[in-house]
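# Per-entry structural report
Listed below, chain by chain, are the residues.
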Amino acid sequence: MPAYVIVGVDVLDQEAGLAYAAVAQPSILSHGGRYLVAGPTSEPVEGVWDFSRLVVIEFPDMDRIREWYDSPEYRRAREMRKDTARVRMLFAEGSPPEGFSLPS
């Protein structure tokens, strides 16, 4: 079942952010990731979103996310972005097309 990486980002240093992206994007793609959303955070419909950019990446499954996240190339990318961006990242399993089950 597909799994997703949901990321909120505030870029603090644009030049370093571009260097990070040049390493992170090929890493994501080489592990079967596919960008679904990537861009500025729009005005929220409800609540407050406290980051300037939103990224949603789909992977074939949770194991592939963990392979990517623990890979040497993505560890290098994380090190590159250490002081150049604030990142919040969540891994989430997909749900079947009919939706989730409600408790009985």
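Notes on the structure in this doc start here. As the structure is a computational prediction, the values presented were derived from the model and not from experiment.

## A few points about the pairing of strand β1 (residues 3–11)
- With 7 bridges connecting them, β1 and strand β3 (residues 53–59) associate as antiparallel partners. Pairing of Val 5 across the sheet is with Ile 57, part of β3.
- Relative to strand β4 (residues 85–93), β1 runs antiparallel, the two sharing 9 bridges. Directly across from Val 9, in β4, lies its bridge partner Val 87.

## Focus on the packing of helix α2 (residues 62–70) against helix α3 (residues 72–81)
- Relative to each other, α2 and α3 sit at 60°, their axes nearing to 5 Å. Between α2 and α3, the angle falls in the class oblique. Between α2 and α3, the contacting residues are Trp 68, Tyr 69 and Asp 70 on the first element and Pro 72, Tyr 74, Arg 75 and Arg 78 on the second.
- When the residues that make up the contact of α2 with α3 are grouped by side-chain class, the tally is 4 nonpolar, no polar and 3 charged.

## Section: the environment of Met 80
- Examined against the element boundaries, Met 80 turns out to sit in helix α3.
- With relative accessibility at 30%, the residue Met 80 sits in the partly exposed group.
- Other than its neighbours up to four places away in sequence, Met 80 contacts Ala 19, Tyr 20 and Val 23.

## Quick look at the sheet that holds strand β2 (residues 34–40)
- Read from one edge of the open sheet, 4 strands run β2-β3-β1-β4, paired in antiparallel fashion. Two strands bound the open sheet, and with one partner strand each, they are β2 and β4. Mean inter-strand twist for the sheet, computed between neighbouring axes without regard to direction, equals 10°.
- Docked against the sheet, α2 engages β1, β3 and β4, running at close to 155° with respect to β4.

## Section: the environment of Tyr 74
- Along the chain, Tyr 74 turns up in helix α3.
- Residue classification places Tyr 74 among the buried positions, given a relative accessible area of 1%.
- With near-sequence residues (within four places) excluded, Tyr 74 lies in contact with Tyr 20, Ala 24, Ser 27, Trp 68, Tyr 69, Arg 81 and Met 89.

## A word on α2
- Three or more residues of α2 are buried, namely Met 62, Ile 65 and Trp 68. Down the axis of α2, the buried side of the element spans an arc of 120°, and every buried residue falls inside it.
- In this structure, the buried side of α2 is in contact with β1, α1 (14–30), β3, α3 and β4.
- N-cap assignment for α2: the residue whose side-chain oxygen lies 3.2 Å from the backbone N of Asp 63 is Asp 61.

Cut-offs used in this document
- Residues numbered from 1 in each chain as written.
- Predicted model: local features only at pLDDT ≥ 70, side-chain atom pairs only at ≥ 80, totals over all residues.
- Heavy atoms only, no water.
- Pairing = 2+ DSSP bridges.
- Helix = DSSP H or I, 4+ residues; strand = E, 2+ residues; numbered from the N terminus.
- Axes fitted to C-alpha atoms, helices over the stretch in contact; angles between N-to-C directions.
- Parallel < 35°, antiparallel > 145°, perpendicular 65-115°, else oblique.
- Contact = heavy atoms within 4.5 Å.
- Nonpolar A, V, L, I, M, F, W, Y, C, P; charged D, E, K, R; others polar.
- Buried < 20%, exposed > 50% of the residue type's maximum accessible area, 1.4 Å probe, protein only.
- Arc of directions from axis to C-beta.
- Polar contact = N/O pair within 3.5 Å; in protein donor to acceptor, adjacent residues only side chain to side chain.

Everything listed here is a matter of geometry and, on its own, says nothing about what the molecule does.
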